[in-house]
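These are the residues of each chain, in order.
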Amino acid sequence: MADIVIAVATDDASDLSALGGSVGDAADSGSEFEIRSLDGETVAVLVIALTSQSVQVIGQWLVARARAKKSTSVTVDGVTVTADSVDAVERLLAQLEVGRGFKRGKRSGKPSKS
């Protein structure tokens, strides 16, 4: 099973920690939360096992962050994407669905057309 790595500025660490709690208990879901230095910048990082449930929760969380104009770095299979717009999040989720056969649940709101 692949993992998804989500990184945010340390100012948003509580948001990321809450996401980890939404996905499920760390011991059960295999998620790990930590603060680390990447490329000279200190960031909060969450590693979550990719499942159909986690993709739905992460997708909702990423869309909400994009609408709030908060940038998020997402890494899957060694590829890093900056999810800083709803369109970028939609593209990321589409790739996860194609590559893993997941079905996305309904999210509130409509994707923006940029």
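See the structure above.
Residues numbered from 1 in each chain as written. Predicted model: local features only at pLDDT ≥ 70, side-chain atom pairs only at ≥ 80, totals over all residues. Heavy atoms only, no water.

## Observations regarding the sheet that holds strand S2 (residues 32-38)
Turning to step 1, where the next piece is worked out: Across the sheet, which stays open at both edges, the five strands sit in the order S2-S3-S1-S4-S5 with antiparallel pairing between neighbours. Each edge of the open sheet carries a strand with a single partner, namely S2 and strand S5 (79-82). Averaged over neighbouring strand pairs, the angle between their axes works out to 25 degrees when direction is ignored.
Turning to step 2, where the next piece is worked out: As paired strands, S2 and strand S3 (residues 41-49) are joined by seven bridges and run antiparallel to one another. Following the sheet pairing, Arg36 is matched in S3 by Val43.
Turning to step 3, where the next piece is worked out: Across the sheet, helix H1 (residues 13-23) is in contact with strand S1 (3-9), S2 and S3; its angle to S3 comes to roughly 5 degrees.
Turning to step 4, where the next piece is worked out: The strands touched by helix H3 (residues 52-67) within the sheet are S1, S3 and strand S4 (73-76), with S1 carrying the most contacts at an inclination of about 25 degrees. (Pairing = 2+ DSSP bridges. Helix = DSSP H or I, 4+ residues; strand = E, 2+ residues; numbered from the N terminus. Axes fitted to C-alpha atoms, helices over the stretch in contact; angles between N-to-C directions. Contact = heavy atoms within 4.5 Å.)

## Topic: the pattern of salt bridges
Pairing is possible between side chains that carry opposite charge, provided their charged atoms lie close to one another.
Turning to step 1, where the next piece is worked out: One pass over the structure, following the stated rule, counts five salt bridges.
Turning to step 2, where the next piece is worked out: Asp15 is the salt-bridge partner of Arg65, the closest N and O atoms lying 3.4 Å from each other. Linking Arg65 in helix H3 with Asp15 in helix H1, this pair joins segments that are 50 residues apart in sequence.
Turning to step 3, where the next piece is worked out: Of the charged contacts in the structure, one is a salt bridge between Arg36 and Glu34, with a shortest N-O distance of 2.6 Å.
Turning to step 4, where the next piece is worked out: Since its relative accessible area comes to 31%, Arg36 is described here as partly exposed.
Turning to step 5, where the next piece is worked out: Connected through shared salt-bridge partners, Asp12, Asp15, Arg65 and Lys70 make up one network. (Salt bridge = Lys/Arg side-chain N within 4 Å of Asp/Glu carboxyl O. Buried < 20%, exposed > 50% of the residue type's maximum accessible area, 1.4 Å probe, protein only.)

## What to know about H1
Turning to step 1, where the next piece is worked out: Three or more residues of H1 are buried, namely Ala13, Leu16, Leu19, Gly20 and Val23. Buried residues along H1 cover an arc of 115 degrees about the axis, so they all sit on one side. More than 90 degrees from the buried face of H1, the exposed residues found are Ser14 and Gly21. (Arc of directions from axis to C-beta.)

## Some points on the environment of Glu90
Turning to step 1, where the next piece is worked out: Residue placement: Glu90 occurs in helix H4 (residues 86-100).
Turning to step 2, where the next piece is worked out: Taking relative accessible area as the criterion, Glu90 reaches 17% and is therefore assigned buried.
Turning to step 3, where the next piece is worked out: With 31 residues separating them in the primary sequence, Glu90 and Gly59 have C-alpha atoms 8.2 Å apart.

## Description of the packing of H1 against H3
Turning to step 1, where the next piece is worked out: Axis separation between H1 and H3 bottoms out at 10 Å; the angle between their running directions is 150 degrees. What the angle tells us is that H1 and H3 run roughly antiparallel. Note on packing geometry: the crossing formed by H1 with H3 is right-handed. Where H1 abuts H3, its residues Asp15, Leu16, Leu19, Ser22 and Val23 lie against Gln53, Ser54, Val57, Ile58, Trp61 and Arg65.
Turning to step 2, where the next piece is worked out: For the contact of H1 with H3, a count of residues per class yields six nonpolar, three polar and two charged. (Parallel < 35°, antiparallel > 145°, perpendicular 65-115°, else oblique. Left-handed = near helix turned anticlockwise from the far one by under 90°. Nonpolar A, V, L, I, M, F, W, Y, C, P; charged D, E, K, R; others polar.)

## As for the pairing of S1
Turning to step 1, where the next piece is worked out: Examined bridge by bridge, S1 and S3 share seven bridges and lie antiparallel to one another. Its bridge partner being in S3, Ile6 is matched across the sheet by Leu46.
Turning to step 2, where the next piece is worked out: Of the strand pairs in this sheet, S1 and S4 are connected by four bridges, and their pairing is antiparallel. For Ile6, the partnering residue across the bridge sits in S4 and is Val74.

Interpretation note: all reported values are geometric properties and have no functional meaning in isolation.
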